[in-house]
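# Descriptive analysis of the structure
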Amino acid sequence: MVEGELKQMKRLLDSPKKIVIVPHKNPDGDALGASLALFLFLKAKDHKVNVVSPNDYPEFLKWLPGESEIIKFDQDNEKGKMLLSEAELIFTLDFNDFSRTGEMEKFLQKSSAEFVMIDHHQQPSNYARFTESDTAMSSTSEMIYNFLEQLDQLSAVTPEMATCLYTGIMTDTGSFRFPSTSSQTHKVIAFLMERGAKNAEIYQQVYDTNSLDSLHLLGVALMNIRVLKEYRAAYISLSQEELDAHNYKKGDTEGFVNYILSLKNIIFAVIFIENKQEGIIKMSLRSKGDFDVNRIARKYYHGGGHRNAAGGKSLDNMEKTIKKFVNMLSEYENELL
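Okay, so let's go over this structure. For clarity, every value in this text was computed on a predicted model and none was experimentally measured.

Using the criterion set out here, one finds twelve salt bridges in the structure. For Arg-129, the salt bridge is made with Glu-114, and the minimal N-O distance between the two is 3.1 Å. Taken together, the residues Arg-129 in the loop between strand S5 (114–119) and strand S6 (130–133) and Glu-114 in strand S5 connect sequence positions 15 residues apart. Classification of Arg-129 by relative accessible area gives partly exposed; the value is 35%. Residues Glu-241 and Lys-276 are paired through a salt bridge, measuring 2.9 Å at the closest nitrogen-oxygen approach. On the criterion of sequence distance, the pair formed by Glu-241 in helix H10 (residues 240–245) and Lys-276 in the loop between strand S9 (268–275) and strand S10 (280–287) is long-range, its members being 35 residues apart. A relative accessible area of 48% means that Glu-241 is categorised as partly exposed. Among the ionic contacts, a cluster of salt bridges with common partners joins Asp-56, Glu-59 and Lys-62.

Right, here's the structure in full:
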C-alpha cells in the first residue's frame, strides 16, 4: 500500500471494528491460510472478526489453526448475510472480483463496508478502498506477511499464524518449486519457521492424507491421460461416474494436473472434471515457461488465475468441451511449438 493508504489503514485498525474476511469459492490452502492468519491477528487485537467462506473446502485443510471458527455461507446462510450486512470492514483475500464468491456476490455488492483487497491474480476489479495487488507475488499468504510488516506487526506473529501462512505459501508455490517462488519467499518461510511453523508436520498434514479411494482415482486419471504431441499438450478427463465409483470428496483430485505437466516435452496440461450437480466441467490449467494459461481460462472458460496456473469451467458436456479444447489449440500452435 502507498504511504497515505497505509496510514488510513492503521487508523482504521486502531479501534475495534466489525470485520469480515472472505476467501474465494472453493478456497485452497493459500486462501484459507491467508484468511486464518489475518483472522488470528485481528482477533488478538480485539476486533470482532469472522471468516466467511462461500462454501466448504477439502479435509486436508481442516486442521489449520482457527479453522473451526469459519462460517460457511452455503451452510449458514443467515449468519453469513448478517455478518456481511453489519461489517464495517471486509477483507477479500486471494481473489479480485466478487464473481469469485458464488452466491455471496450479491451480498458483497450491497455491503456498505470499506473493502480491502489483498490478492496476486491478474486484472483486479475496482471495488476496494484499499487495494494490494501484485501478480509477481508467490501467494496471498506472502502478501499477508508483507501487510503485517507494513503495519509494524511482525512481532505479533504467533506459531498458529505462522503455520497458516506457511501452509498458504507452500501450497500455492507447489512446495516452493513454481517460478513465483523468490528469494524473498524463502526469507519469509525462514521467518515463519523461526516463529513456530513446523515444516515437516505441515507438509504431512496437507499431503500425506490420501485415502485408498483417492489413490485408485489417481490411477484412473493417469490411465485417462491423452497426449497431443503436435501441440506439446496433454489432458486428463474424469467423468462423474468415475468420481462416484471412487467415493470422490472435495480435494481428492488436488495436484492431478501436475502429473501431466511432468511428462517430457509437455508444456500445457489440463484436467477436465465433470460435475453433474452443477452442470459444468471444472477445469484446471497448468503450463511451463511463457505460455499463458490465464489468458486461455479468461477467454474460453469463465475463469482466470496466473500465467502458469489457472482455473475455469465449461458449460458444455465432456465430449464437446474436449473437442473445443483440441480445436482451440491450433490458434496457439506457434506459441506451443
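The next subject is helix H1 (residues 3–12). Those residues of H1 that sit buried are Leu-6, Met-9 and Leu-12. Considered in projection along H1, the buried side chains sweep an arc of 120° and stay on one side of the axis. Exposed side chains of H1 directed beyond 90 degrees from the buried face belong to Glu-3 and Arg-11. For H1, the secondary structure elements touched by its buried residues are strand S4 (89–93), S5, S6 and helix H5 (140–150).

Turning our attention to the sheet that holds strand S3 (residues 71–72). Strand pairs in the sheet, formed through backbone hydrogen bonds, run parallel or antiparallel to each other. Here we have six strands laid out as an open sheet, ordered S3-S2-S1-S4-S5-S6, and parallel in their pairing. The sheet is open, and its two edges are formed by S3 and S6, each paired on a single side. In this structure, strand S1 (residues 18–22) lies alongside strand S2 (residues 48–53), joined through four bridges in parallel fashion. Among the inter-strand pairings, Ile-19 is bridged to a residue of S2, identified as Val-49. Most of the contacts of helix H2 (residues 29–44) go to S2, to which it runs at about 165°, and overall it touches S1, S2 and S4. Along the sheet, helix H3 (residues 77–86) contacts S1, S2, S3 and S4; its crossing angle with S1, the most-contacted strand, is approximately 120°.

Our focus in this paragraph is the sheet that holds strand S7 (residues 226–228). One open sheet accounts for six strands, arranged S7-S8-S9-S10-S12-S11; its pairing is mixed. Single-partner strands in this sheet number two, and they are S7 and strand S11 (304–305). Pairing of S9 with S10, which is carried by eight bridges, proceeds in the antiparallel orientation. Across the sheet, residue Ile-271 finds its bridge partner in S10, namely Ser-284. Set on the sheet, helix H13 (residues 318–328) makes contact with S7, strand S8 (233–238), S9, S10 and strand S12 (309–314); between it and S9 the angle comes to about 165°.

Quick look at the pairing of S5 now. Most of S5 is tucked away: five of the six residues are buried. Pairing of S4 with S5 involves five bridges; the strand directions are parallel. Residue pairing across strands places Leu-89 opposite Glu-114, the latter belonging to S5. Crossover connection from S4 via helix H4 (residues 105–110) to parallel S5: handedness right-handed. Relative to S6, S5 runs parallel, the two being bridged by four bridges. What sits directly across from Val-116, in S6, is Phe-130.

Turning our eyes to something else, we now look at the environment of Glu-242. Positionally, Glu-242 belongs in helix H10. Residues Glu-242 and Leu-336, 94 residues apart in the sequence, show an inter-C-alpha distance of 31 Å. A polar contact is formed between the side chain of Glu-242 and the side chain of Asn-224, at a distance of 3.2 Å.

The next subject is the packing of aromatic side chains. Here the structure, examined in full by the defined rule, presents 15 aromatic pairs. Between Phe-291 and Tyr-332, the ring centres sit 6.1 Å apart and the planes meet at 90°, which makes this aromatic pair edge-to-face. Taken together, the residues Phe-291 in the loop between S10 and helix H12 (293–300) and Tyr-332 in the loop between H13 and helix H14 (333–336) connect sequence positions 41 residues apart. In this structure, Phe-291 and Tyr-332 share a single accessibility class: buried.

This part is about unusual backbone geometry. Phi at Asp-46 takes a positive value of approximately 70°, unusual for a residue other than glycine. Mapped onto the elements of the fold, Asp-46 is located in the loop between H2 and S2. Classification of Asp-46 as exposed rests on a relative accessible area of 60%. Backbone geometry at His-302 places phi at a positive 55°, although glycine is not the residue there.

Ranked by internal contacts, the top residues of the largest apolar core, which has 52 residues, are Met-9, Ile-21, Leu-38, Leu-42, Phe-91, Phe-147 and Leu-192. Of the residues forming this core, the biggest block, nine residues, is contributed by H2. Ile-267, Ala-297, Tyr-301 and Ala-310 belong to the second-largest nonpolar core, a separate cluster that totals 24 residues.

With that out of the way, let us pick up the side chain of Ser-53. With respect to the helices, strands and loops of the structure, Ser-53 is situated in strand S2. Classification of Ser-53 as buried rests on a relative accessible area of 0%. Within the structure, the side chain of Ser-53 is placed 2.7 Å from the backbone oxygen of Asn-55, a separation counted as a polar contact. Ignoring any residue separated from it by four or fewer positions in sequence, one finds Ser-53 in contact with Pro-23, Pro-27, Ile-70, Ile-71, Lys-72, Phe-73 and Met-104.

Cut-off values and rules
Residues numbered from 1 in each chain as written. Predicted model: local features only at pLDDT ≥ 70, side-chain atom pairs only at ≥ 80, totals over all residues. Heavy atoms only, no water. Salt bridge = Lys/Arg side-chain N within 4 Å of Asp/Glu carboxyl O. Helix = DSSP H or I, 4+ residues; strand = E, 2+ residues; numbered from the N terminus. Buried < 20%, exposed > 50% of the residue type's maximum accessible area, 1.4 Å probe, protein only. Arc of directions from axis to C-beta. Contact = heavy atoms within 4.5 Å. Pairing = 2+ DSSP bridges. Axes fitted to C-alpha atoms, helices over the stretch in contact; angles between N-to-C directions. Right-handed = clockwise from strand over helix to strand, strands pointing away. Polar contact = N/O pair within 3.5 Å; in protein donor to acceptor, adjacent residues only side chain to side chain. Phe/Tyr/Trp six-rings, centres within 6.5 Å; stacked < 30°, edge-to-face > 60°. Core = buried A, V, L, I, M, F, W, Y, C linked by side-chain atoms within 4.5 Å.

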